[in-house]
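Residue-level structure breakdown
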Amino acid sequence: MKAIVYTKYGPPDVLQLKEVEKPTPKDNEVLVKVHAASVNSWDWGLLRGTPFVNRLIVSGLFKPKYKILGCDIAGQVEGVGKNVKQFQPGDEVFGDLTECGFGAFAEYVCAPENALALKPASMTFEEAAAVPQAGLLALQGLRDKGKIQPGQKVLINGAGGGAGTFAVQIAKYFGAEVTGVDSTGKLGMLRSIGADHVIDYTQEDFTKNGQRYDLILDVVTYRSIFDYKRVLSPKGIYVMLGGGSWARVFQTMFLGPLISITGSKKMRILMHKPNKDLAFMSELFEAGKVVPVIDRRYPLSEAAEALRYFGEGHVRGKVVISVEHNNKT
Ligand SMILES: NC(=O)c1ccc[n+]([C@@H]2O[C@H](COP(=O)([O-])OP(=O)(O)OC[C@H]3O[C@@H](n4cnc5c(N)ncnc54)[C@H](OP(=O)(O)O)[C@@H]3O)[C@@H](O)[C@H]2O)c1
């Protein structure tokens, strides 16, 4: 089968399209013929070998342990191991392979059945590949850590990227009044997916405009934890998904629990649980409440270009990789 392989950390140029052995499912695994994958921050970090601590705990100190990148897949079941109960050949599935060895940027991949869910028939493979990681980061951040309630004022910082575009729509589904913060060119798109208010971070600092929010979901984390705390309502909750600045991430890790224990405002960090809520995301999609925003599509052979574009950091929604089989997608 064809796969995008890398053997050393580096820029997207280290990625190579190669012919490799097609995997065989173990007893608890499903063999998926991949039709689409999407790019996530995990892929970028694994490619670059950053942050360094991840080399120690996930990806290998000197060279990558996992040779094929890619977390999010959508495809068709081609074979199942003898202990697999939920799926059979022909089923259309999607899921996030973060906890089972990655490998989405290939024509086939094996995954344990608990990493997969049935894809709704009305969802294209490309849409399905966009959902697992970004969609669940948004959902779990808003619902599980953020305890979102109808009527709340919710601010999404970094609303125009992968997780943010899901978060805007999910927060609207939960009945919140949503403010999306991102760069100038993404504000129209944010309104089109339901944001009630938009703020251009290049023009205005939302921590200094006098507004207060019941819930802040932060995809980018460039500010001090005290700036976020100041703009929370008295019982407001701040949820950090990830960070543009590691200093800010560490500040939230160490000071967040202290602030939360000593006052009424809560400062939290999401620990994402892959695949837990895929069925719920399917329901939202089928009800027309959430539609994945796809910025660009690349064929598998151009995965390096897809990563390069993602690495520039200005993606509008998601970048998807379409996997062709015998010249058909
Ligand atoms: N907590 C967990 O368990 C977990 C697990 C996996 C991933 N993560 C994290 O989750 C996050 C997911 O991010 P993503 O894929 O949605 O990122 P993304 O697609 O890159 O989106 C980030 C958005 O933020 C915007 N932005 C940049 N600078 C900004 C600023 N100063 N203020 C406001 N917006 C700004 C970007 O727009 P422009 O650049 O065009 O301005 C972009 O639209 C990552 O940080 C990742 O590390 C967390």
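Residues numbered from 1 in each chain as written. Predicted model: local features only at pLDDT ≥ 70, side-chain atom pairs only at ≥ 80, totals over all residues. Heavy atoms only, no water.

**A look at the overall build of the protein**
Helix and strand content of the protein: 10 helices and 15 strands. Computed over its C-alpha atoms, the radius of gyration of the protein comes to 20 Å, within 12% of the 20 Å expected for a compact globule of 329 residues. Structurally, the protein occupies a C-alpha span of about 60 × 45 × 35 Å along its principal axes. The proportion of buried residues among the 329 residues of the protein is 56%. Nonlocal contacts in the protein, meaning residues at least 24 apart in sequence, comprise 69% of its contacts between residues at least 6 apart. Put simply, the protein shows about 14400 Å² of open surface, and 52% of that area lies on carbon and sulfur atoms. Of the charged side chains in the protein, 40 are positive and 34 negative; the average position of the first set lies 7 Å away from that of the second. (Helix = DSSP H or I, 4+ residues; strand = E, 2+ residues; numbered from the N terminus. Rg over C-alpha atoms; globule rule 2.2 N^0.38 Å. Buried < 20%, exposed > 50% of the residue type's maximum accessible area, 1.4 Å probe, protein only. Contact = heavy atoms within 4.5 Å. Areas by Shrake-Rupley, 256 points an atom, 1.4 Å probe, with all protein chains shown as cover. Lys, Arg positive; Asp, Glu negative; His and termini not counted. Charge placed at Lys NZ, Arg CZ, Asp CG, Glu CD.)

**Description of the pattern of salt bridges**
Summed over the entire model, instances satisfying the criterion amount to 16 salt bridges. For Glu 78, the salt bridge goes to Lys 22, with nearest N and O atoms at 2.9 Å. Linking Glu 78 in strand β4 (residues 72–80) with Lys 22 in the loop between β2 (16–19) and β3 (29–38), this pair joins segments that are 56 residues apart in sequence. Exposure remark for Glu 78: the relative accessible area of 34% places this residue in the partly exposed category. (Salt bridge = Lys/Arg side-chain N within 4 Å of Asp/Glu carboxyl O.)

**A word on the site of the ligand**
In the neighbourhood of the ligand, 26 residues make up the surrounding shell, with Asp 182, Lys 186, Tyr 201, Leu 270 and His 314 lying closest. Taking Ala 163, its main chain carries an N or O atom lying 2.7 Å from an oxygen atom of the ligand. At 3.4 Å from an oxygen atom of the ligand is found a main-chain nitrogen or oxygen belonging to Val 219. Elements supplying a minimum of two residues to the shell around the ligand: α4 (132–145), α5 (162–173) and β9 (177–182). Looking at side-chain class alone, the shell around the ligand contains 11 nonpolar, 13 polar and 2 charged residues. (Near = heavy atom within 4 Å. Polar contact = N/O pair within 3.5 Å; in protein donor to acceptor, adjacent residues only side chain to side chain. Nonpolar A, V, L, I, M, F, W, Y, C, P; charged D, E, K, R; others polar.)

**Notes on the packing of α4 against α5**
Running from N to C, α4 and α5 point in directions that differ by 50°, and their axes come no closer than 8 Å. The orientation of α4 with respect to α5, classified from their angle, is oblique. For the pair α4 and α5, the sense of crossing is right-handed. In contact with Ala 134, Gly 135, Leu 137, Ala 138, Leu 139 and Leu 142 of α4, α5 contributes Gly 162, Ala 163, Phe 166, Ala 167, Ile 170 and Ala 171. Partitioning the contact of α4 with α5 into residue classes produces 10 nonpolar, 2 polar and no charged. (Axes fitted to C-alpha atoms, helices over the stretch in contact; angles between N-to-C directions. Parallel < 35°, antiparallel > 145°, perpendicular 65-115°, else oblique. Left-handed = near helix turned anticlockwise from the far one by under 90°.)

**Regarding the sheet that holds strand β12 (residues 232–240)**
Reading across the sheet, the 6 strands line up as β10-β9-β8-β11-β12-β13 and stay open at both edges, with parallel pairing between neighbours. Each edge of the open sheet carries a strand with a single partner, namely β10 (197–200) and β13 (266–269). The mean inter-strand angle of the sheet, taken between neighbouring strand axes irrespective of direction, is 15°. When strand β11 (residues 213–218) meets β12, the two strands line up parallel, connected through 5 bridges. Looking at the pairing, Asp 218 lines up with Met 240 of β12. In this fold α5 packs onto β8 (153–157), β9 and β11, with an angle of close to 170° to the strand it touches most, β8. (Pairing = 2+ DSSP bridges.)

**Details of the environment of Gly 210**
Note on placement: Gly 210 falls in the loop between β10 and β11. Here the alpha-carbon distance between Gly 210 and Asp 13, two residues 197 residues apart in the chain, equals 46 Å.

**Concerning the side chain of Asp 218**
Mapping Asp 218 onto the fold places it in strand β11. No salt bridge forms around the buried Asp 218; measuring N to O, its nearest opposite-charge neighbour Arg 223 is 6.5 Å away. In this structure the side chain of Asp 218 is engaged in a polar contact, spanning 2.9 Å, whose partner is the side chain of Asn 157. Beyond its immediate stretch of four places on either side in the chain, Asp 218 contacts Asn 157, Tyr 228, Tyr 238, Val 239, Met 240, Leu 241 and Gly 242.

By themselves these figures say nothing about function.
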